[in-house]
Amino acid sequence: MHFKQTDTPLLAAMQYYVQDRVIPFHTPGHKQGKGMHPTLEKLIGRDALALDLALIEELDDFHEPYGCIKDAQELTAQLYGADHSFFVINGTTGGIYAMILATAGPGEKIIVPRNAHRSIIGGIILSGATPVFMQPEVDEELGMAMGVTPETVALTVAKHPDAKAVLIINPTYYGVVTDLQKIVDIVHEHNMIVLVDEAHGPHLRFSSRLPIQAIDAGADICAQSSHKIIGALTQSSIVHCREGRIRVPHLKAMLQLTQSTSPNYIMLASLDVARMQMAVEGTKLIEQAIDLANWARLEINQIPGLYCFGVEKIGRPGVFDMDPTKITVTVKGLGLTGAEVEKILRHEYKVQAELSDIYNVLFLITLGDQEYEVKTLVAALRAVATKYAVPCKVDSVEDDHHVHYPAPPQRILSPREALFGNTCLVPFTESMGMVCAEIVTFYPPGIPILCPGERITQEIIDYCQRLQQAGMHISGPEDCTLQTIKVVD
Ligand SMILES: Cc1ncc(COP(=O)(O)O)c(C=O)c1O
């Protein structure tokens, strides 16, 4: 390859095509914005619309690249230290589907953490694989799932030597990191493949103050949400892989299966440019984000009623390292829920968090932030803490939540069999002994209580009802009040 990291071969090819003033008789139908309603045309702008292009010869083939897309992907692989990198246009969700489809087929076992993101459960449903769940550690103080320990992985692979792969979420949404290198060694000793959901890790390679990224830790394949953390457009992600355990042509086939035949070129170009930006100034930008986040953490920890966890958690179960750019503010000391604080911040202080759960609010500090934004965040949190503190309101929920976590249920069917079987809705209180056909999760800590294909127990029914009475947020079931639940008929 004759390109340098300062080049953007894909964007350059697109710009050349536009500058050549070709009359397009191809998709998209708006023809560089000319046929678009003026409202949308003005909003996006003619310059951007001209770059909304299609798969024509000089712009390469997304699914079997030979030209500018291939060059852009090769530069990406070089920068991230991967053997191959693939652009993905439907987020890390699409990347995870392809990773799972490429490694575990119908009836084959895949080992995954219980707090798997819904895209992982989705990938398992699509492939027909059988999940074997590992329990992540839970931090009681934060009410949050941390990493899965190497010890848990070792026990699970020893118990399921026929599994094809182990999937690890690293870092977690809240920036918690497990000992990935150790896990990779354990899994490879058992001749299994290591998949990493690295949605929150596209920046890790650019600072020695951040945890090691999956490919450098020896993982076989990972998916990163470039759009979440670095400068790519929403839905633009990357799958990186190493040769050896992964059959690359098969992976490519699975990426084809899970993605459109009409990729959005502006999104693809955003991946090309985001890669160039990280190559040229990634270290400077990420170091700055870390400094800002560290400053914010220190300030927030001086506000009475607030706690922002940091390096003091390292060494606790499931916490081998952490990404300091994730600012998780535990607000239970104010007597407010995370969701309440999120709403107050949005409507009174014009500050929007990434997400909240019952105890915590998460803020992402990225290369898009400067001193002004971070100071505004700290000032807003200080004002909320002064104005709203109602000590001890959240405690009863906490006690209830932690005392009675139910035993993991028995698996009867694969998630796919449960989902595509005959199903019906039954009253939740009468569902004991039935096989669940949907996911039931409470936040926190976001660990599914039930997954499709699992037997519902009385202990689970009682537990869910207690959490509901405590006002905790349910996610997953069709009936989000959980009066009824979908079961296999
Ligand atoms: C841990 C994790 N994995 C995967 C995803 C899916 O990523 P995307 O939104 O890029 O599809 C997310 C999204 O929030 C996530 O948090």
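Residues numbered from 1 in each chain as written. Predicted model: local features only at pLDDT ≥ 70, side-chain atom pairs only at ≥ 80, totals over all residues. Heavy atoms only, no water.

**Focus: the overall build of the protein chain**
Okay, step 1: Helix and strand counts for the protein chain stand at 16 helices and 20 strands.
Okay, step 2: Against the 2.2 N^0.38 benchmark of 23 Å for 489 residues, the protein chain shows a C-alpha radius of gyration of 23 Å, consistent with a compact globule.
Okay, step 3: Judged by the C-alpha coordinates and their principal axes, the protein chain covers about 65 × 55 × 50 Å.
Okay, step 4: Looking at the protein chain alone, contacts between residues at least 24 apart form 72% of all its contacts between residues at least 6 apart.
Okay, step 5: The distance from the centre of the 39 positive side-chain charges to the centre of the 57 negative ones in the protein chain is 3 Å. (Helix = DSSP H or I, 4+ residues; strand = E, 2+ residues; numbered from the N terminus. Rg over C-alpha atoms; globule rule 2.2 N^0.38 Å. Contact = heavy atoms within 4.5 Å. Lys, Arg positive; Asp, Glu negative; His and termini not counted. Charge placed at Lys NZ, Arg CZ, Asp CG, Glu CD.)

**Observations regarding the pairing of strand E10 (residues 237-241)**
Okay, step 1: Counting buried positions along E10 gives five out of five residues, so the element sits mostly inside the fold.
Okay, step 2: Summarising the sheet, strand E1 (residues 84-88) and E10 pair through five bridges and their orientation is antiparallel. Residue pairing for E10: Phe-87 is matched across the bridge by Ile-238.
Okay, step 3: Both strand E9 (residues 221-224) and E10 contribute to a ladder of four bridges, which runs antiparallel. Of the residues in E10, the one forming a bridge with Ile-221 is Cys-241. (Buried < 20%, exposed > 50% of the residue type's maximum accessible area, 1.4 Å probe, protein only. Pairing = 2+ DSSP bridges.)

**So, helix H13 (residues 371-388)**
The α-helix winds at 3.6 residues per turn, so residues separated by three or four positions along the chain end up facing the same way.
Okay, step 1: Its 18 residues give H13 an end-to-end C-alpha distance of 26 Å, which sits within 8% of 26 Å, the value for a rise of 1.5 Å per residue.
Okay, step 2: Buried within H13 we find Val-374, Leu-377, Val-378, Ala-380, Leu-381, Val-384 and Ala-385. Taken down its axis, H13 places every buried residue within 160 degrees of arc, on the same side. In H13, those exposed residues whose orientation departs by more than 90 degrees from the buried face are Tyr-372, Thr-386 and Lys-387.
Okay, step 3: On its buried face, H13 is in contact with helix H11 (265-300), strand E13 (326-330), helix H12 (338-349) and strand E15 (360-364). (Expected span 1.5 Å × (residues − 1). Arc of directions from axis to C-beta.)

**Observations concerning helix H5 (residues 91-103)**
Okay, step 1: If you check H5, its first and last C-alpha atoms are 19 Å apart, about what 13 residues at 1.5 Å a residue would give, namely 18 Å.
Okay, step 2: Most of H5 sits inside the fold, with eleven of its 13 residues counted as buried.
Okay, step 3: Those residues of H5 that sit buried are Gly-91, Thr-92, Gly-94, Gly-95, Ile-96, Ala-98, Met-99, Ile-100, Leu-101, Ala-102 and Thr-103.

**A short note on the site of the ligand**
Okay, step 1: Near the ligand you find 15 residues, and of these Thr-92, Thr-93, Asp-197, His-200 and His-227 are the closest.
Okay, step 2: In this structure, Thr-93 approaches the ligand through a side-chain N or O atom, which is 2.5 Å from an oxygen atom.
Okay, step 3: Ser-225 is positioned such that a nitrogen or oxygen atom in its side chain is 2.9 Å from an oxygen atom of the ligand.
Okay, step 4: If the ligand stood free it would expose 390 Å²; the protein chains cover 87% of that surface.
Okay, step 5: A class-by-class count of the residues in the shell around the ligand yields four nonpolar, nine polar and two charged. (Near = heavy atom within 4 Å. Polar contact = N/O pair within 3.5 Å; in protein donor to acceptor, adjacent residues only side chain to side chain. Areas by Shrake-Rupley, 256 points an atom, 1.4 Å probe, with all protein chains shown as cover. Nonpolar A, V, L, I, M, F, W, Y, C, P; charged D, E, K, R; others polar.)

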